[in-house]
Amino acid sequence: MDRYLVFGHPVRHSKSPFIHTLFARQTQQELEYGLAEPAVDEFAQALRTFFDQGGKGCNVTVPFKEQAFTLVDCLSPRAKRAGAVNTIKLTDDGVLLGDNTDGAGLVADLKSHGVTLADSRILLLGAGGAARGALAPLLAELPSELVIANRTHTKAQLLAAEFHDLGPVTSQTYEQLAGPFDLVINSTSASLQGALPPLAPALIHTDIAIYDMMYGASDTAFISWAKQHGARQTMDGLGMLVEQAAEAFTVWRGIRPGTKQVLRELKRNLGVI
Ligand code: ATR
């Protein structure tokens, strides 16, 4: 049977095996999907061993995405732009192809929630790996402006400069930000610590869409905060997780699974509904 897995550390709580097993059942593909948690300095060896032993493809998550970028034989254009790899496929020619489906997953999830990206004014919080992965797919949707704000402003400046050729992307400090924005995407890891990015409450209004790439069984700190300040449309990263997985599954198997039912089952599994 074709073997796939996700590499991460820690990875025990990953939902990827659950999601891909449902995709496989739904599309009647014979495959198994597991977990691997190599020590941080043993990822390269573990990756090699997996493919030497017949593995067909894998996902890569924190903290290995940047390392995976350097270990594959070739890169998709979107992985090259993201500077990180979350999906690897062994091609029929024996080549390890590195791809990145995170940004496509974000955009697919935003669209499935009815969020309009064309001509919109987007605020992206954070300038780490998650922000980098999102930029090219977001700019491809032709927003009127995309502003990056980050605690360490120089990182936002560098990122804006790097993606400037793809669209109207600029950087501002949190203090400089001037609304109104149509959509705020939180790509920071602040919610992991229950912390908030230092965003002025005045930027939140009733018609704004709020997206937190993080998710949990209950509202993330950022989503709770945005709701308190009047946001009516809030979305967490669970849909993005399922959509990036669907994109990876499509890369591997050449067949696109449906995501709605799988997202529902995942929510049930997490105790969200
Ligand atoms: P990831 O790969 O998940 O993006 P990362 O590359 O470590 O992780 O980036 C984390 C991002 O969250 C950074 O933009 C970080 O801001 P700094 O560049 O200033 O470190 C941001 N971040 C983390 N904790 C934060 C907090 N409490 N408030 C605001 N931003 C925070």
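Going by the structure above, here's the rest.
These numbers come from a predicted model, not from an experiment. By convention here, each chain's residues receive numbers from 1 onward along its written sequence. Reporting of local features is limited, given that this is a predicted model, to residues whose pLDDT is at least 70; pairs of side-chain atoms are given and counted only at 80 or more, and all residues count toward the totals for whole chains, interfaces and linings. Computation of side-chain values: all heavy atoms of the structure, hydrogens and water removed.

(A) Expanded view of the pairing of strand β10 (residues 183-186). Accessible area is worked out with a 1.4 Å probe on protein chains only. A residue is then buried under 20% of its type maximum, exposed over 50%, and partly exposed in between. In DSSP terms, a helix is any run of H or I states spanning at least four residues, a strand is any run of E spanning at least two, and both are numbered starting from the N terminus. Side-chain alternation along β10 places Leu183 and Ile185 on one buried face and Val184 and Asn186 on a second face that is also buried. Bridge count for strand β7 (residues 121-125) against β10 is 4 bridges, and the pairing is parallel. Within the sheet, the bridge partner assigned to leucine 124 lies in β10 and is isoleucine 185. We treat two strands as partners when DSSP finds at least two bridges between them. Direction of pairing for β10 relative to strand β11 (residues 209-212): parallel, over a ladder of 4 bridges. Looking across to β11, one finds that isoleucine 185 is bridged to tyrosine 211.

(B) Main features of the nonpolar core. Throughout, nonpolar core names a set of buried Ala, Val, Leu, Ile, Met, Phe, Trp, Tyr and Cys residues whose side chains join them through atoms within 4.5 Å. Membership of the largest hydrophobic core comes to 27 residues, with the highest contact counts inside it found for Leu106, Leu110, Leu146, Ile148, Leu183, Ile185 and Tyr211. Elements with a minimum of two residues in this core: α5 (102-112), β7, α6 (129-139), β8 (145-149), α7 (153-163), β10 and β11. Contact definition: two residues touch when any of their heavy atoms are within 4.5 Å. Dropping the residues within four chain positions of it, leucine 183 is found in contact with Leu110, Val115, Leu117, Arg121, Ile122, Leu123, Ile208, Ala209 and Tyr211. In this structure, Phe23, Ala248, Trp252 and Leu266 belong to the second largest nonpolar core, which totals 20 residues.

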